[in-house]
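# Coordinate analysis (summary)
Here are the chains, one letter per residue:
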Amino acid sequence: MGAGAAQTRTIVPVYVVLPPRALLLDVAGPAEVLRRAGMEQDKLGFALHFIGPMPELASSVGLILSHIAPLPDSLPADAIIMLSGNIDPLPGQDVQADNMHEQAIVDWLRRTVRPDHLLLCICAGSVIAARAGLMDGRACTTHHSAYEELRQASTAARVQENRLFVEDGNCWSSAGITAGIDLALHFVARRCGPGVAAAVARYLVVYMRRAGADPQLSPWMEGRNHLHPAIHRVQDAIAADPARDWTLGDLARIAYASPRHLSRLFNEQAGMSVPDYINRLRVALARQLLENSRLDMETVAERSGFASTRQLRRAWGRLHGTPPSAARATNAG
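First, a word on what this report is: a plain description of the structure on this page. (Residues numbered from 1 in each chain as written. Predicted model: local features only at pLDDT ≥ 70, side-chain atom pairs only at ≥ 80, totals over all residues. Heavy atoms only, no water.)

### Comments concerning helix α5 (residues 179-192)
For α5, spanning 14 residues, the distance from its first C-alpha to its last is 19 Å, which sits close to the expected 20 Å at 1.5 Å a residue. Of all the 14 residues making up α5, twelve are buried; the element is thus mostly covered by neighbouring parts of the structure. All of the buried residues along α5 are Ala 179, Gly 180, Ile 181, Asp 182, Leu 183, Ala 184, Leu 185, His 186, Phe 187, Val 188, Ala 189 and Cys 192. Looking one or two residues past α5, Gly 193 carries a phi angle of roughly 105°, positive in sign. (Helix = DSSP H or I, 4+ residues; strand = E, 2+ residues; numbered from the N terminus. Expected span 1.5 Å × (residues − 1). Buried < 20%, exposed > 50% of the residue type's maximum accessible area, 1.4 Å probe, protein only.)

Okay, structure coming up:
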């Protein structure tokens, strides 16, 4: 791009599907993550469209949601569909009408969603997607109270229990309620980078947690399955800028702790030392640069925070059985 050329901002359309009795936090939590992600960087924005079979509905807390757009006849190829969960019917509610509206969503999903669309199912939204056949053969999850309902909706689905979220191709699903925020942060980390996701998490005052028993655990999420706020603050700071020349004193000030106390707490909570954690993220950053650029190894090492290619290779070798060059070769193939 030449000097003075304006940078183009890509706007991704996100269609938030609202079922009857929509669980409000399923909608607001992930939507707020995407809104803030668009403010934390200037390359990618998210245009939220709230759609459903009814122009107005009462949410789980009784708040009326109105001006809901109708389910569109078609979607752009780059569309993201976010499917909210809902609560069980309350006494006196028109269950027959609600069932009819849910079926309208199922029918719309079946005829509208294409393989290139990304489907994000929040909480019991997975059950609605399963009824449309979108979970057949997929690994997926939902709220713990709806596991059996999900299995009944799709006997071909591979239901994963005790998981914050599950990613299977273009079909992602989350566990109950607040786990929708975890799923949205994971999505932001993929599309906008882990630094942006960490910034959004800090803004929302939530933790970036790992995906439980996920064997394909991202290094950006390792060591984060804890609830200690000071250690999360330190990890967020490192994740936002792994290449920085971090000192224990710098991080101790972020944690409001002494360097010695921080070292002990970090080992207890994250299951590794501070230097090990920094090196893991630097290796992850180097891997991203190798897979997504043609930078030479010296530049990759420098941009990842390593003093030399030898230091990069040594840190890499502790985590991977193949050399850094293999990441580039695999990507090229």
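Further notes follow.
### Some details on the pairing of strand β11 (residues 171-174)
Where burial is concerned, the two faces of β11 agree: the one with Cys 171 and Ser 173 and the one with Trp 172 and Ser 174 are both buried. Where strand β7 (residues 118-121) meets β11, three bridges bridge the pair, whose relative direction is parallel. The residue bridging Leu 119 from the neighbouring strand is Cys 171, located in β11. For strand β10 (residues 165-168) and β11, the ladder comprises four bridges, and the chain directions are antiparallel. Each bridged residue has a counterpart across the sheet, and for Asp 168 the counterpart in β11 is Cys 171. Linkage of β10 to β11, two consecutive antiparallel strands, is achieved through a turn of two residues, within which Gly 169 is found at a positive phi near 60°. (Pairing = 2+ DSSP bridges.)

### Re the nonpolar core
By size, the foremost hydrophobic cluster in this structure holds 38 residues, and its most contacted members are Phe 46, Phe 187 and Val 188. Secondary-structure elements contributing two or more residues to this core are β1 (10-17), α1 (24-40), β2 (44-52), β6 (80-83), β7, α5 and α6 (194-204). Tallying contributions element by element places α5 first for this core, with nine residues. The contact partners of Phe 187, leaving out residues within four places of it in the chain, are Leu 34, Phe 46, Ile 80, Leu 118 and Trp 172. If you look at the next biggest cluster of nonpolar residues, it comprises 35 residues, including Phe 266, Phe 306, Ala 315 and Trp 316. (Core = buried A, V, L, I, M, F, W, Y, C linked by side-chain atoms within 4.5 Å. Contact = heavy atoms within 4.5 Å.)

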